[in-house]
2 protein chains.
Amino acid sequence: MTGFAAATAVRRAEGGGLTADLEPGWDVGGTVLNGGYLLAVVARAAVLDSPHPHPVVVSASYLRATGPGTVSLHVTPGPAGRTLAHSAVALTAADGPTLTAQVTTAALDDAPPVYSRPMPEMPAVADCVAPTSGSPDVGIRHQVDTRLDPATIGWAVGRPSGEPVIRAWVRLADGSEPDPFSLLLFADVLPPTSWSIGLMGWAPTVQLQVLVRALPAPGWCLVEATASEAAGGWIDEECRVWDSTGRLVAQSRQLARLPR
Amino acid sequence: MTGFAAATAVRRAEGGGLTADLEPGWDVGGTVLNGGYLLAVVARAAVLDSPHPHPVVVSASYLRATGPGTVSLHVTPGPAGRTLAHSAVALTAADGPTLTAQVTTAALDDAPPVYSRPMPEMPAVADCVAPTSGSPDVGIRHQVDTRLDPATIGWAVGRPSGEPVIRAWVRLADGSEPDPFSLLLFADVLPPTSWSIGLMGWAPTVQLQVLVRALPAPGWCLVEATASEAAGGWIDEECRVWDSTGRLVAQSRQLARLPR
């Protein structure tokens, strides 16, 4: 297994439950693991206990920060039909439950869309910027090759644009091609859009819904993160993810706490 | 209690559980109740068992259609802190669970935003159109006064615009002012945006996340519903809701099945 597949693997434990070894190195700083990485683990657990192969919706409440180590995954199956199945997944670490999720599974394809909103304009990968400086201690940056649109990284040089938009090309650093599980990671992998409005610091996710829309083509994915409103200590963040053919393959929305 | 408050009321049952009498007349046709109406009921149950007064996130999986009648609501409390609390709510009808939700509660205010994306252009209420024709048998249209932007209702006269956007002013027909619970209703109350791309018919919600962002001012709310992609039997739908002062007060995103 490659890096991402191994780091998100879920196996049946003795006694019948599910377990995973969450790896250090998929963090957003310190021992706090990336929220999208956790969604991929949760989705693998849901799929193991589903008649359908792919996550199409994962909606997770982040109860507390999750660190590396062995966790258990408890899947409660809901109704399962020919088209889709529902389940609930709880991720429990040594100190108790840290994340609960609702997962819908189905079989995705890459059938052409009936309607599709176009992909935004984006410079070529070679004309974008790797976030090497400023975040050497953030593990996730080493797991996901990221090339930021220079128009959206004023915050990196102390000149936030004032518009909460960040765009980047992303792919797994282990060389594996995107799939529905890595799309869950990509939907929560960019720096917080709050940085673009000058609110530096960590913006912890409270609740995050990701929709996976199609099987992605090989190559780089484009992620665009935007926010609609920052107020009262809260900010929303929306991501859309397109594959290398310009096909929308995932969407997300989260509510996060604003850094003080 | 007014119509909406009474129709979404949750009370403690003998034995300690929670129960609600879902009213006919909040339907989307036949005996299928509106998804946003159900979210309001679920949020009232969560708030009853929370130290915090308002829903800020409700994310629900629609396991099967829910009809009118008495239902039980089972709240599983999660971590509760000074700022927010998490819980899970299951809504169970006579024939079993029909909806499960994750709810985050907190105390909302109307503090001015740090950043806010502007409200779209919208004709005045008097220049918009009541959906009197075409849907006389849809109960929810009698509960929520709706005034559609004429630019977004080509579908009503057999000329869908081809762009999945519908905008409308909405308010409760019972005369009560908007609150965080009615915002949950408003976030799922417009006709399906799929009608705007010529896909008439019912688009049942699979999973729906609503964020409530602020306490709404009195008066009409503006709802704008858009979609990004229709493909493989699925469509996403996003709603944003502004109050009468132009303040963003709620956002939603759902994945729905496309009508065949």
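Residues numbered from 1 in each chain as written. Chains lettered and ligands numbered in written order. Predicted model: local features only at pLDDT ≥ 70, side-chain atom pairs only at ≥ 80, totals over all residues. Heavy atoms only, no water.

Asker: Give me the lowdown on the side chain of A:Thr105, citing residues and values where you can.
Answerer: Secondary-structure assignment places A:Thr105 in strand E6 (residues 96-106). Ignoring sequence-local partners within four residues, the contact set of A:Thr105 consists of A:Ala46, A:Val47, A:Ser50, A:His52, A:His54, A:Pro55, A:Val56, A:Thr83, A:Leu84 and A:Ala85. (Helix = DSSP H or I, 4+ residues; strand = E, 2+ residues; numbered from the N terminus. Contact = heavy atoms within 4.5 Å.)

Asker: Residue-level account of the pattern of salt bridges, with values.
Answerer: Applying the stated criterion across every chain, the model contains 20 salt bridges over all chains. For A:Arg247, the salt bridge is made with B:Glu229, and the minimal N-O distance between the two is 3.0 Å. Here A:Arg247 is found in the loop between strand E13 (234-242) and strand E14 (248-257), whereas its partner B:Glu229 is found in strand E12 (residues 229-231) on a different chain. Ionic pairing is found between B:Glu238 and B:Arg253, a salt bridge with its closest N-O pair at 3.6 Å. Here B:Arg253 lies in strand E14 (residues 248-257) and B:Glu238 lies in strand E13 (residues 234-242), a separation of 15 residues in the sequence. Here B:Glu238 and B:Arg253 have matching classes, each one buried. Bridged by salt links that share partners, the residues A:Asp149, A:Arg167, A:Glu224 and A:Arg240 form one connected network. (Salt bridge = Lys/Arg side-chain N within 4 Å of Asp/Glu carboxyl O. Buried < 20%, exposed > 50% of the residue type's maximum accessible area, 1.4 Å probe, protein only.)

Asker: Break down the side chain of B:Thr193 for me, citing the residues and quoting the values.
Answerer: Residues and elements named next belong to chain B. Assignment of secondary structure puts Thr 193 in the loop between helix H4 (180-186) and strand E10 (205-212). Its relative accessible area of 0% is what places Thr 193 among the buried residues. Other than its neighbours up to four places away in sequence, Thr 193 contacts Pro 164, Ile 166, Ala 225, Thr 226, Ala 227 and Glu 237.

Asker: Can you break down the packing of aromatic side chains residue by residue, with the values?
Answerer: Residues and elements named next belong to chain A. Under the definition given, this model contains 6 aromatic pairs over all chains. Taken together, a centroid distance of 5.2 Å and an interplanar angle of 65 degrees make the contact between Trp 155 and Trp 195 edge-to-face. Of this pair, Trp 155 sits in the loop between strand E8 (144-148) and strand E9 (165-172) while Trp 195 sits in the loop between helix H4 (180-186) and strand E10 (205-212), placing them 40 residues apart in sequence. What makes Trp 195 partly exposed here is its relative accessible area of 21%. Feature note: the residues Phe 4, Trp 26 and Tyr 37 constitute an aromatic cluster, connected by ring pairs. One residue, Arg 44, lies across the ring of Phe 181, its end atom 4.4 Å from the ring centre. (Phe/Tyr/Trp six-rings, centres within 6.5 Å; stacked < 30°, edge-to-face > 60°. Lys NZ or Arg CZ within 6 Å of the ring centre and 35° of its normal.)

Asker: Can you break down the relation of the copies chain A and chain B residue by residue, with the values?
Answerer: Mapping chain A onto chain B calls for a rotation angle of 180 degrees and an axial translation of 0.0 Å; the resulting RMSD is 0.0 Å. Here the transformation between the copies is reduced to the relation of a two-fold axis. Taken as a fraction of all interface residues of chain A, those also at the interface in chain B reach 100%, which identifies the copy contact as same-surface. (Least-squares fit on C-alpha atoms with pLDDT ≥ 70 in both.)

Asker: Quick rundown of the interface of chain A and chain B? Include the residues and the values.
Answerer: Each partner contributes residues to the interface: chain A has 55 residues there, and chain B has 55 residues. Taken together, both faces of the contact between chain A and chain B bury some 4,500 Å²; the carbon and sulfur share is 52%. Its largest share of buried area at the contact with chain B, chain A owes to A:Tyr115, A:Glu229 and A:Arg253, together 17% of the area lost on that side. Counting the contacts that link chain A with chain B gives 6 salt bridges. Breaking the side of chain A that touches chain B down by element, the ones donating at least two residues are strand E3 (54-62), strand E5 (84-93), E6, strand E7 (115-116), E10, strand E12 (229-231), E13 and E14 of chain A. Top element by residues in the side of chain A that touches chain B is E14(A). It accounts for 7 residues. Partitioned by chemical class, the residues of the side of chain A that touches chain B number 26 nonpolar, 17 polar and 12 charged. Pairing between E7(A) and E12(B): 2 bridges, direction antiparallel. Looking at E12(B), one finds that A:Tyr115 is bridged to B:Ala230. (Buried area = accessible area lost by both parts, 1.4 Å probe. Nonpolar A, V, L, I, M, F, W, Y, C, P; charged D, E, K, R; others polar. Pairing = 2+ DSSP bridges.)

Asker: Before we move on, could you go through helix H2 (residues 35-48) of chain A and cite the residues and values that matter?
Answerer: All names here are of chain A. Counted at 1.5 Å a residue, the expected span for H2 with its 14 residues is 20 Å, and the 20 Å between its end C-alpha atoms agrees. Among the 14 residues in H2, 13 count as buried, and that is most of the element. Its side-chain oxygen placed 2.8 Å from the backbone nitrogen of Gly 36, Asn 34 serves as the N-cap of H2. (Expected span 1.5 Å × (residues − 1). Polar contact = N/O pair within 3.5 Å; in protein donor to acceptor, adjacent residues only side chain to side chain.)

Asker: Can you break down the environment of A:Ala130 residue by residue, with the values?
Answerer: All names here are of chain A. Note on placement: Ala 130 falls in the loop between E7 and helix H3 (140-143). In this structure the C-alpha to C-alpha distance between Ala 130 and Ala 217, which are 87 residues apart in sequence, comes to 22 Å. Ignoring sequence-local partners within four residues, the contact set of Ala 130 consists of Thr 146 and Arg 147.

Asker: Any details on the environment of A:Ser161? Residues and values, ideally.
Answerer: Residues and elements named next belong to chain A. Locating Ser 161 in the fold gives a position in the loop between E8 and E9. By relative accessible area, Ser 161 is classed as partly exposed at 44%. Along the chain, Ser 161 and Ile 197 lie 36 residues apart, while their C-alpha atoms are 6.5 Å from each other.

Asker: Quick rundown of the confidence of the model for chain A? Include the residues and the values.
Answerer: Mean pLDDT over chain A: 94, with 98% of residues reaching 70 or higher. As scored by the predictor, the complex reaches a pTM of 0.97 and an ipTM of 0.96. (pLDDT = per-residue confidence, 0-100.)

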